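The lines below spell out each chain.
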Amino acid sequence: MVKVRGEIDKLWQKFGSYLKSIETEQTNIKVVYMRVLAASDFHQEEELIESIVSEANSGKYDLFIAPGDFVSEESYRDIEERIEIPMIAATGNWDFNFTPPSNDDFQFLHNYMKIDFQEDYKIPVIGSVFPDDYQKDISEWVGDHDPKKLFFITHYPPKRLGDKAVTGVRAGIEGFRKMIMKLKPAAWFCGHIHEAFGHYKFMKTDVFNCSVVDSRKCFSVEFREEGVEDYEEVDLS
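Reading the values: rules and limits
Residues numbered from 1 in each chain as written. Predicted model: local features only at pLDDT ≥ 70, side-chain atom pairs only at ≥ 80, totals over all residues. Heavy atoms only, no water. Buried < 20%, exposed > 50% of the residue type's maximum accessible area, 1.4 Å probe, protein only. Helix = DSSP H or I, 4+ residues; strand = E, 2+ residues; numbered from the N terminus. Arc of directions from axis to C-beta. Contact = heavy atoms within 4.5 Å. Pairing = 2+ DSSP bridges. Axes fitted to C-alpha atoms, helices over the stretch in contact; angles between N-to-C directions. 1 Å grid on protein atoms, 1.4 Å probe; cavity = no way out; pocket = protein on both sides within 12 Å on 5 of 7 lines; lining within 4 Å. Points joined across faces, edges and corners; volume = space filled by probe spheres on them. Nonpolar A, V, L, I, M, F, W, Y, C, P; charged D, E, K, R; others polar. Phe/Tyr/Trp six-rings, centres within 6.5 Å; stacked < 30°, edge-to-face > 60°. Lys NZ or Arg CZ within 6 Å of the ring centre and 35° of its normal.

With respect to helix H2 (residues 46-56)
Residues Leu48, Ile49, Ile52, Val53, Glu55 and Ala56 constitute the buried set of H2. Down the axis, H2 shows its buried residues gathered within 165° of arc, on one side only. Summarising the geometry of H2, the exposed residues directed more than 90 degrees from the buried face are Glu46, Glu47 and Ser54.

Focus: unusual backbone geometry
For glutamine 44, which is not a glycine, the phi torsion comes out positive at approximately 65°. Topologically, glutamine 44 is positioned in the loop between strand E2 (29-38) and H2. Located in the positive-phi region is valine 71, a residue other than glycine, with phi close to 80°. Its location among the elements puts valine 71 in the loop between strand E3 (63-66) and helix H3 (73-82).

Concerning helix H4 (residues 134-142)
Among the residues of H4, Tyr134, Ile138, Ser139, Trp141 and Val142 are the ones counted as buried. Taken down its axis, H4 places every buried residue within 165° of arc, on the same side. Among the exposed residues of H4, those oriented more than 90 degrees off its buried face are Lys136 and Glu140. Summarising the contacts, the buried residues of H4 are in contact with strand E6 (112-117), strand E7 (121-126), strand E8 (151-154) and helix H5 (174-183). Immediately downstream of H4, the backbone of glycine 143 shows phi near 55°, a positive value.

Focus: the sheet that holds strand E10 (residues 198-202)
If you trace the six strands from one edge of the open sheet to the other, you get E6-E7-E8-E9-E11-E10, paired in mixed fashion. Only two strands of the sheet have a single partner each, and these edge strands are E6 and E10. Geometrically, the sheet is characterised by an average inter-axis angle of 15° between neighbouring strands, direction not taken into account. With six bridges joining them, E6 and E7 adopt antiparallel strand pairing. Of the residues in E7, the one forming a bridge with phenylalanine 117 is tyrosine 121. Relative to the sheet, H4 contacts E6, E7 and E8, its axis offset from that of E6 by approximately 15°.

Observations concerning the layout of surface pockets
There is about 200 Å³ of room inside the largest pocket. Together, Pro147, Lys148, Lys184, Pro185, Ala186, Lys201, Lys204, Asp206, Glu226, Gly227 and Val228 line the largest pocket. When the residues that make up the lining of the largest pocket are grouped by side-chain class, the tally is four nonpolar, one polar and six charged.

Observations concerning the packing of aromatic side chains
Tallied over the full model, the rule gives 18 aromatic pairs. Plain terms: the ring middles of phenylalanine 151 and phenylalanine 223 are 5.0 Å apart, the flat faces sit at 25° to each other, and that makes the pair stacked. Of this pair, phenylalanine 151 sits in strand E8 while phenylalanine 223 sits in strand E12 (residues 217-224), and the two are 72 residues apart along the sequence. Ring-pair connections join several aromatic residues into one group, and the members of that group are Tyr121, Phe151, Phe189, Phe197, Phe208, Phe219, Phe223 and Tyr231. Here the guanidinium or amino end of arginine 177 rests over the ring plane of phenylalanine 202, the centre of that ring lying 4.0 Å away.

The values are spatial; any link to function lies outside them.
Okay, structure coming up:
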């Protein structure tokens, strides 16, 4: 077991974090790696966008997650066209002036979408506009899917998880918190409350408020077979 693990670690170091499945007939072990970069609330800041694009294209990541607030369609298009890895984005409250997002209008930007990613992962995306029955709709879609292969991308944070504004007001959504309690996803990526950037834990779910505009930071998150294996803050300054 130690020898097999050592070989896996060597492969990881050599090839970076591209999604890989490594199987051995002798031990019947299957290990899946995926590393994501998560950043939200760009607010058209060009220096931040340059840093994010550079980091996303560094060869270390398999997926770029952007939970909203591009502010302008031009800013969103700029990011979309330059990111070289798969990207999933949600609309933010500053993105209401966009043409209503659909797969035809924007390839990676969604108000509300249920995505099957790399066959293994289910990713509900909930932006600035979503249906009233989203809890029922997502629960039925997820079904008995492995919660360790489930994570959410939302602009607004869950209630009492990365949602405390400088005024002391909790601006999160109670329904999102209920979804965590019911579905127990591996991770939840959000933004909106700039001053609440950080990592939070609720039950078995890692919650990342990845708002960059005040913090000048975003998150690198590593997924393995058991869900979130590791994470770190990435300095964008």
